[in-house]
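Single-letter residue listing:
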Amino acid sequence: MTTGIGAHRKHIQRRNELVEILRSKGIRDERVLAAIQSIPRHIFVDTALENRAYEDSALPITCGQTISQPYTVATQTELMQVEKGDKILEIGTGSGYQAAILCHMGADVYSVERHEELYHGAKKKLHELGYRANLKLGDGTLGWSAYAPYDGIVVTAGAPVVPDDLIKQLNVAGRLVVPVGSQKSQVMVRIIRVSEDSYREEHLQHFKFVPLIGEKGWD
Ligand code: SAM
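Residues numbered from 1 in each chain as written. Predicted model: local features only at pLDDT ≥ 70, side-chain atom pairs only at ≥ 80, totals over all residues. Heavy atoms only, no water.

S.K.: Can you walk me through the overall build of the protein chain in this structure?
M.R.: When its secondary structure is counted, the protein chain shows six helices and nine strands. Computed over its C-alpha atoms, the radius of gyration of the protein chain comes to 16 Å, within 12% of the 17 Å expected for a compact globule of 219 residues. Along the three orthogonal principal directions, the C-alpha set of the protein chain runs to about 55 × 35 × 35 Å. Every one of the 219 residues in the protein chain was classed for burial, and the buried ones make up 50%. Total accessible area computed for the protein chain in this model is approximately 10200 Å², and 51% of it derives from carbon and sulfur atoms. The average position of the 26 basic charges and that of the 27 acidic charges among the side chains of the protein chain differ by 4 Å. (Helix = DSSP H or I, 4+ residues; strand = E, 2+ residues; numbered from the N terminus. Rg over C-alpha atoms; globule rule 2.2 N^0.38 Å. Buried < 20%, exposed > 50% of the residue type's maximum accessible area, 1.4 Å probe, protein only. Areas by Shrake-Rupley, 256 points an atom, 1.4 Å probe, with all protein chains shown as cover. Lys, Arg positive; Asp, Glu negative; His and termini not counted. Charge placed at Lys NZ, Arg CZ, Asp CG, Glu CD.)

Have a look at this one:
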C-alpha cells in the first residue's frame, strides 16, 4: 500500500477513471458523477481491498454483506432525482458509502441498518468525513416513520415485494427506488407518488442485491 500524497493522487486518478466508466455505462446526472468523483470509496472497504476500491464492482464488507457496485449506487441515486435539501431515507446503510454520496449531494440523509457492527462502522466513517447523516439500527422494511415523509427512499437490498410502509412514507412527488424480485435477481422498481393517493410505477433494469431481511422483507 502506498501512503501519503502519492496514495492520495492515485485515488483521485482512479476515481476519475471510475467516473468515465460510469459515464460510458449511461450515467448522466453530473451531480451524481461529481459525488462519486469526490467520495473516497477506499475508506469504506477493508484495507486489504483498498486497491480494488475503484473497480466498478461490489466488494465484501463485514457481516456477510457488500458495498454495492458503483454503477448500482449511481443508478439508484440518479433514479431518485436528488435535489439539494431533499430529505432522503436509505434502507441498508452497509458501509455508509451510499449515505456519503447523498450527503455530498446536499441531501438531508436518514439511513437504517439491521447489523449493529455495520451501523457503528458507518457512523464512525461518516463522522470522520464530516458528514451528518442520521443513522438508525433497526428493521428498515418498516421505514423510519418518525421523520417521514421523504422526498426520496432508496432500498439497497433486494426485496420480495415493495414494502408498503415505505410507499406510505413518501412525500407527494417523492421517489422510491427499490430492487424487487427473487433472492437471485431483482428488477429495479421506481415508484413516484404523483398525488396524495396516486402513484406511478416503473420497472427498469435487472440487478443482484443481498436480501432485504425483516418484517416486510425476507425471513
Ligand atoms: N448502501 C450500502 C453501502 O453503501 O455500502 C450497501 C448495502 S448492502 C448491498 C445491503 C445492506 O442492507 C446490508 O448492510 C444489510 O445488512 C442491509 N439490510 C438488509 N435488510 C435490512 C433491513 N430490513 N433493514 C436495514 N438494513 C437491512
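S.K.: Explain the sheet that holds strand E9 (residues 198-207) here, please?
M.R.: Sheets are built from strands paired through backbone hydrogen bonds, the pairs being either parallel or antiparallel. Strand order in the open sheet formed by seven strands is E5-E4-E3-E6-E7-E8-E9, and the pairing between neighbours is mixed. At either margin of the open sheet sits one strand with a lone partner, and together these are strand E5 (134-137) and E9. The mean inter-strand angle of the sheet, taken between neighbouring strand axes irrespective of direction, is 15°. Inspection of the sheet shows strand E7 (residues 170-181) paired to strand E8 (residues 186-195) by seven bridges, in the antiparallel sense. Opposite leucine 176, over in E8, you have isoleucine 191 as the bridge partner. (Pairing = 2+ DSSP bridges. Axes fitted to C-alpha atoms, helices over the stretch in contact; angles between N-to-C directions.)

S.K.: Just checking my understanding: could you explain the nonpolar core for this structure?
M.R.: The nonpolar side chains of a soluble globular protein tend to be buried, and buried together. In terms of nonpolar packing, the biggest core is built from 44 residues, with Leu22, Ile36, Tyr97, Ile101 and Leu102 touching the most fellow members. Secondary-structure elements contributing two or more residues to this core are helix H1 (4-24), helix H2 (30-38), helix H3 (70-80), helix H4 (97-104) and helix H5 (116-128). A per-element tally of this core places H4 first, with six residues. (Core = buried A, V, L, I, M, F, W, Y, C linked by side-chain atoms within 4.5 Å.)

S.K.: I would appreciate a short explanation of the site of the ligand in the present structure.
M.R.: Glu90, Ser95, Glu113, Gly140 and Ile213 are the nearest of the 27 residues found near the ligand. One of the side-chain nitrogen or oxygen atoms of glutamate 90 is found 2.8 Å away from a nitrogen atom of the ligand. The side chain of threonine 156 places a nitrogen or oxygen atom 3.3 Å from a nitrogen atom of the ligand. Within the complex, 99% of the 600 Å² of free accessible area of the ligand lies under protein. Elements with a contribution of two residues or more to the shell around the ligand: strand E2 (66-67), H4 and strand E4 (108-113). Partitioning the shell around the ligand into residue classes produces nine nonpolar, 14 polar and four charged. (Near = heavy atom within 4 Å. Polar contact = N/O pair within 3.5 Å; in protein donor to acceptor, adjacent residues only side chain to side chain. Nonpolar A, V, L, I, M, F, W, Y, C, P; charged D, E, K, R; others polar.)

S.K.: Please explain the pattern of salt bridges as it appears in this structure.
M.R.: Pairing between side chains becomes possible if they bear opposite charge and their charged atoms approach one another. Under the counting rule described, the total for this entry stands at twelve salt bridges. Close ionic contact of lysine 216 with aspartate 165 constitutes a salt bridge, the shortest N to O distance being 2.5 Å. Note that lysine 216 is positioned in the segment after E9 and aspartate 165 in helix H6 (residues 164-168), a separation of 51 residues in sequence. Arginine 190 is paired through a salt bridge with glutamate 202; the nearest N and O atoms lie 2.8 Å apart. Of the two residues, arginine 190 is situated in strand E8 and glutamate 202 in strand E9; the sequence distance between them amounts to twelve residues. A single salt-bridge network, built from bridges that share partners, covers Glu20, Arg23 and Glu30. (Salt bridge = Lys/Arg side-chain N within 4 Å of Asp/Glu carboxyl O.)

S.K.: I keep staring at unusual backbone geometry and nothing clicks. Help me out?
M.R.: Where the residue is not glycine, phi is negative for most of them; where a peptide bond is considered, it is trans in most cases. Residue proline 149 is bonded to the preceding alanine 148 through a cis peptide linkage, with omega at 5°. Positive phi values are uncommon outside glycine, yet cysteine 63 reaches one of about 65°. Its relative accessible area of 29% is what places cysteine 63 among the partly exposed residues.

S.K.: Help me understand the side chain of threonine 77, please; the structure alone is not making it clear to me.
M.R.: Inspection of the secondary structure puts threonine 77 in helix H3. Those residues in contact with threonine 77 that lie beyond four places of it in its chain are Val32, Val82, Gln98, Ile101, Leu102 and Met105. (Contact = heavy atoms within 4.5 Å.)

S.K.: Please clarify how the packing of aromatic side chains should be interpreted in this entry.
M.R.: The geometry of two aromatic rings is summed up by the distance between their centres and the angle between their planes. All chains considered together, the criterion is met by seven aromatic pairs. Centroid distance tyrosine 110 to tyrosine 147: 4.7 Å. Interplanar angle 35°. Geometry classified as tilted. With tyrosine 110 in strand E4 and tyrosine 147 in the loop between E5 and strand E6 (150-155), this residue pair connects regions lying 37 residues apart in the sequence. In this structure an aromatic cluster arises from ring pairing among Tyr110, Trp144, Tyr147 and Tyr150. It is arginine 41 that lies over the ring of tyrosine 97; its NZ or CZ is 5.7 Å from the centre. In this structure, lysine 87 is placed above the aromatic ring of tyrosine 150, and the distance from its NZ or CZ to the ring centre is 5.8 Å. (Phe/Tyr/Trp six-rings, centres within 6.5 Å; stacked < 30°, edge-to-face > 60°. Lys NZ or Arg CZ within 6 Å of the ring centre and 35° of its normal.)

Function cannot be read off these values alone, since they describe shape.
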